[in-house]
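Descriptive analysis of the structure
In case you want the letters, here they are:
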Amino acid sequence: IGHLNSGATIPASKIYSDNGVPQISPSATAVAYTASGFKTAYRVMTNDAQQGSVLGNYAVTKLGTKKIAIIDDRTAYGQGLADEVEKAAKAAGGDVVAREYTSDRSTDFMAILTSIKGKAPDLVFFGGMDPQAAPMIKQMKQLGMQAKFLGGDGAQTPKFIELAGADAEGALASNPGLPLDAMPGGSAFKAKFEAKYGKIQNYSPYAYDAMHVLIDAMKRAGSSDPSKYLAELPKTDYQGVTGHIRFDAKGDITGGAVTLYQVKDGKWQTLETVQSGK
């Protein structure tokens, strides 16, 4: 079950494939993970093509933004997500007025933002994580930029609000899947999990479902030998805590949901959930 991020999941997937070990990631979202064609690679989390498609479309059709600036951190995750957002925004009729790059260690974005400000975007999308997203939104405010800020799941964290403080207000970001309280088994799972382990993490219900998908395949195969139950994984039809789990030919979850959030009164508030492909 794993790995946590795409940077680890992708190289590990070849080793598992070479050795016939089934792999189900509860959290890696990069498109490249399942694009390699390995028959051992699956995920129960919405991928970046699904998430980016929803985000790009949402920015134009729901937020009413026409001029969009895109920045990414050059990681497998950040760049992959930003590419999909750009594609979907253009398809929805948006104009991408800037495409800039930074790194996952930078905290000074003044030069990039000053250049972008001159192009007067309605919205800045950032593909990357909270340690960069927070100083970026603070520096946007310092420069007097009126553009909306939109991120993916790397920014939709409590840490982003903690680091950005009052400047986080109004920021928008997404997370693959449903909010915990909207998952079919979310509330019951949360109560049981927190009673035993303490505060729940975003990916806990997905890791739980990934394990049960493997167990279900073992039961159907009548064996815990990977060479026997691997053939059952593509036939998965399992009702889990996070929802109904079925895989497409690549090993991606079908019809993955993406939920949009906005910071209001210092907390992430749910805006709406969109099914990818709709």
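Up top you'll find the structure we're talking about.
Residues numbered from 1 in each chain as written. Predicted model: local features only at pLDDT ≥ 70, side-chain atom pairs only at ≥ 80, totals over all residues. Heavy atoms only, no water.

1. What to know about the overall build of the chain
- Counting its secondary structure elements, the chain contains 10 helices and 11 strands.
- Whereas a compact globule of 278 residues would reach a radius of gyration of roughly 19 Å, the chain reaches 19 Å, a difference of no more than 12%.
- Counting only C-alpha atoms and orienting by the principal axes, one finds that the chain spans roughly 65 × 40 × 35 Å.
- Considering the chain as a whole, with its 278 residues, one finds that 51% of them fall into the buried category.
- The contacts in the chain between residues at least 6 apart in sequence include a share of 62% that link residues at least 24 apart.
- Of the accessible surface of the chain, which amounts to about 12300 Å², a share of 53% is contributed by carbon and sulfur atoms.
- Here the chain carries 30 positive and 28 negative side-chain charges, and the mean point of each set is 2 Å from the other. (Helix = DSSP H or I, 4+ residues; strand = E, 2+ residues; numbered from the N terminus. Rg over C-alpha atoms; globule rule 2.2 N^0.38 Å. Buried < 20%, exposed > 50% of the residue type's maximum accessible area, 1.4 Å probe, protein only. Contact = heavy atoms within 4.5 Å. Areas by Shrake-Rupley, 256 points an atom, 1.4 Å probe, with all protein chains shown as cover. Lys, Arg positive; Asp, Glu negative; His and termini not counted. Charge placed at Lys NZ, Arg CZ, Asp CG, Glu CD.)

2. Observations regarding the pairing of strand 7 (residues 172–176)
- Along strand 7, 5 of the 5 residues are buried, which leaves the element largely enclosed by surrounding structure.
- Taking every second residue as pointing to the same face, both faces of strand 7 are buried, with Leu172, Ser174 and Pro176 on one and Ala173 and Asn175 on the other.
- Judged from the 2 bridges that link them, strand 6 (residues 148–151) and strand 7 form a sheet pairing that is parallel. From the neighbouring strand, Gly151 faces strand 7, where its bridge partner is Ala173.
- You can see the chain leave strand 6, run along helix 7 (residues 158–164) and come back into strand 7, and the turn it takes is right-handed.
- Across 5 bridges, the pairing between strand 7 and strand 10 (residues 257–264) is antiparallel. Looking at strand 10, one finds that Leu172 is bridged to Gln262. (Pairing = 2+ DSSP bridges. Right-handed = clockwise from strand over helix to strand, strands pointing away.)

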